[in-house]
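# Secondary and tertiary structure notes
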Amino acid sequence: MTHFLSILIRALKRGCRCVEVDCWDGPNGEPIVYHGHTLTSKILFKDVIASVANYAFKVSEYPVIISLENHCSIEQQKVMAKHLSSILGNSLLKFTLDGKVPSVLPSPEALRGKILIKGKKIGGVEKNLDGAQETITGEVSDEDEAAEIDKDSLPPEESHGEKKLKQSLCKELSDLVVYCKSVHFSGFEKSRETGKSYEMSSLSESKARKHIKEAGTEFVQHNSRQLTRVYPSGMRTDSSNYSPQDMWNVGCQIVALNFQTAGTEMDLNDGLFSQNNSCGYILKPEFLRQYASTFNPDRPQEFCNDHPQKLFIKIISGQQLPKLSKKEGSIVDPLVRVEIYGVPQDQSKQETRHIDNNGFNPVWNESLQFSIHTPELALVRFVVEDHDTTTRNDFIGQYTLPFTSMLQGYRHIRLLSKDGTSLAPSSLFVHIHIDLA
Ligand SMILES: *[C@@H]1O[C@H](CO)[C@@H](O)[C@H](O)[C@H]1NC(C)=O
Ligand SMILES: *[C@@H]1O[C@H](CO)[C@@H](O)[C@H](O)[C@H]1NC(C)=O
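Note that this is a predicted model, so its numbers are computed, not measured.

## Notes on the pattern of salt bridges
- Under the defined criterion, the tally for this structure stands at 15 salt bridges.
- Among the salt bridges present, the one from aspartate 270 reaches arginine 14, with a minimum N-O distance of 2.8 Å. Of this pair, aspartate 270 sits in helix α10 (residues 264-274) while arginine 14 sits in the loop between α1 (3-13) and β1 (18-24), placing them 256 residues apart in sequence.
- Judged by its relative accessible area of 21%, aspartate 270 falls in the partly exposed class.

Below is the structure:
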């Protein structure tokens, strides 16, 4: 099996509910999919769709979105539409659930077992409803995401040279887009006035960060009406990830990460979704769901005039920490760091001292203390590292969970490896106490 298919399958099995498929014309009339920034691994589109069909609902019955990056000719777009219909069968969502133009999106519950296509669309959803046959192909502006890569980070003269091309889209493929029509983001005001519930925009991480900084509250309001997808910068040729937390803080729904790249960002992703059995969907806190929300993650205190909650964590001991194979024969010198992610004000880290030469039953007995202003958005990450005086510490294990899922009292924290698998029986023994403000 190709690398891309195995990444895709692993992501679906980990609860990922939106996959990007970058399609190009291939030989023998068969569209192909390129992965990432290399043009080396080409896979048949139909094989990718078959994998989605086979693995979409293995761990979660909630809907999967196939995000199409379509660079194909009309002929091969027709082939794509044919494959989507024949391979996905009844799972493919082709019409709105109630046969009407939606004023709000249906819930994941209502869309159980469905696969949705996200892409460009000729006109609105009403076109699917009135059986209009007149349009054979249409033109949509070619603002594909690859072409939009970080215009912000290019020199000004290059970003001015941006070309607006028209791309032809065939009706068959257009009709398969129902609740996730890709539209260019033209500002919060525009979307407030004319945006539809089924229209969604994709923003590069740098654009998203810019909007968060300049218009956090408007972004929150926008995300209560429409979906936003954020994707990694095209500069990340090493498939590294950006911090999803900033995007979650303003209620962005689809925060795309490179699932194949282990690290803090994926730990946060797994940690956030763990509160709903890793089904891939969680309900946003109420202040991110209101049309007229005044929440701004940079000024959460203006929103809730409360005192912060105090989190006391005593790191007592560790049990059977794994050996690091690359340092054969050497025994780890473990330390524990607790990291808080959330609104900027809540982000902080504290760590214990390291214990020399004991991975079997180290005892720290150290108390750490944190202030949490916006508990609904806070994640707590426990990291165990092997202290190294000369180089960077080596990762031993971690566990991340939402602050609101933390139980007080004595707890065993079961550690996970870099790629999210269990390191049982390795664990930390801790005591947790929360002082409500
Ligand atoms: C878990 O997901 C289901 C389906 O989307 C949703 O109805 C429910 O509210 C979610 N629960 C939480 C705690 O987010
Ligand atoms: C850790 O704390 C416990 C309980 O207070 C105490 O019995 C134990 O001796 C302490 N261990 C170390 C190594 O400080």
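## Some words on the environment of leucine 428
- With respect to the helices and strands, the residue leucine 428 is situated in strand β19 (residues 422-435).
- Given a relative accessible area of 0%, leucine 428 falls into the buried group.
- Not counting the four nearest positions on each side in its chain, leucine 428 is found in contact with Ser317, Gly318, Gln319, Val336, Trp364, Phe382, Val384, Arg411, His412, Ile413 and Leu415.

## Quick look at the sheet that holds strand β11 (residues 254-255)
- The nine strands lie next to each other as β3-β2-β1-β4-β5-β8-β9-β10-β11, forming an open sheet whose pairing is mixed. Every interior strand has two partners, whereas the edge strands, β3 (42-44) and β11, have only one.
- Bridge count for strand β5 (residues 115-119) against strand β8 (residues 177-182) is three bridges, and the pairing is parallel. If you follow glycine 119 over to β8, its bridge partner there is lysine 181.
- The strands that α1 touches are β1, β2 (32-34), β3 and β4 (64-70); relative to β1, the one it contacts most, it runs at about 155°.

## Details of α10
- All of the buried residues in α10 are Met266, Asp267, Leu268, Asn269, Gly271, Leu272 and Phe273.
- As for α10, its buried residues are in contact with α9 (245-249), β13 (334-341), β16 (379-386) and β17 (394-402).

## Quick notes on the nonpolar core
- Ranked by size, the top nonpolar core spans 63 residues in total, and within it Val21, Phe45, Ile66, Leu68, Leu84 and Leu173 carry the most contacts.
- Residue assignment places this core across two domains, with domain 1 (3-288) and domain 2 (306-435) each supplying three or more.
- Aside from chain neighbours lying at most four places away, what touches leucine 84 is Phe45, Ile49, Ile66, Leu68, Gly89, Leu92, Ile117, Leu173 and Leu176.
- If you look at the next biggest cluster of nonpolar residues, it comprises 29 residues, including Val332, Ile372, Met406 and Val430.

## Structural notes on the site of ligand 1
- By nearness alone, every residue bordering ligand 1 is listed as Tyr62, Pro108, Asn276, Cys279, Tyr281, Ile282 and Leu283.
- In this structure, an oxygen atom belonging to ligand 1 sits 2.3 Å away from a side-chain N or O atom of asparagine 276.
- Between ligand 1 and the protein, one listed contact pairs an oxygen atom with a backbone N or O atom of leucine 283 at 2.7 Å.
- The fraction of the free accessible surface of ligand 1 (360 Å²) that becomes covered by protein chains is 65%.
- Taken together, the residues that form the shell around ligand 1 break down as six nonpolar, one polar and no charged.

Rules and cut-offs
Residues numbered from 1 in each chain as written. Chains lettered and ligands numbered in written order. Predicted model: local features only at pLDDT ≥ 70, side-chain atom pairs only at ≥ 80, totals over all residues. Heavy atoms only, no water. Salt bridge = Lys/Arg side-chain N within 4 Å of Asp/Glu carboxyl O. Helix = DSSP H or I, 4+ residues; strand = E, 2+ residues; numbered from the N terminus. Buried < 20%, exposed > 50% of the residue type's maximum accessible area, 1.4 Å probe, protein only. Contact = heavy atoms within 4.5 Å. Pairing = 2+ DSSP bridges. Axes fitted to C-alpha atoms, helices over the stretch in contact; angles between N-to-C directions. Core = buried A, V, L, I, M, F, W, Y, C linked by side-chain atoms within 4.5 Å. Domains from an automatic or database assignment. Near = heavy atom within 4 Å. Polar contact = N/O pair within 3.5 Å; in protein donor to acceptor, adjacent residues only side chain to side chain. Areas by Shrake-Rupley, 256 points an atom, 1.4 Å probe, with all protein chains shown as cover. Nonpolar A, V, L, I, M, F, W, Y, C, P; charged D, E, K, R; others polar.

Any functional reading would require information beyond the geometric quantities listed.
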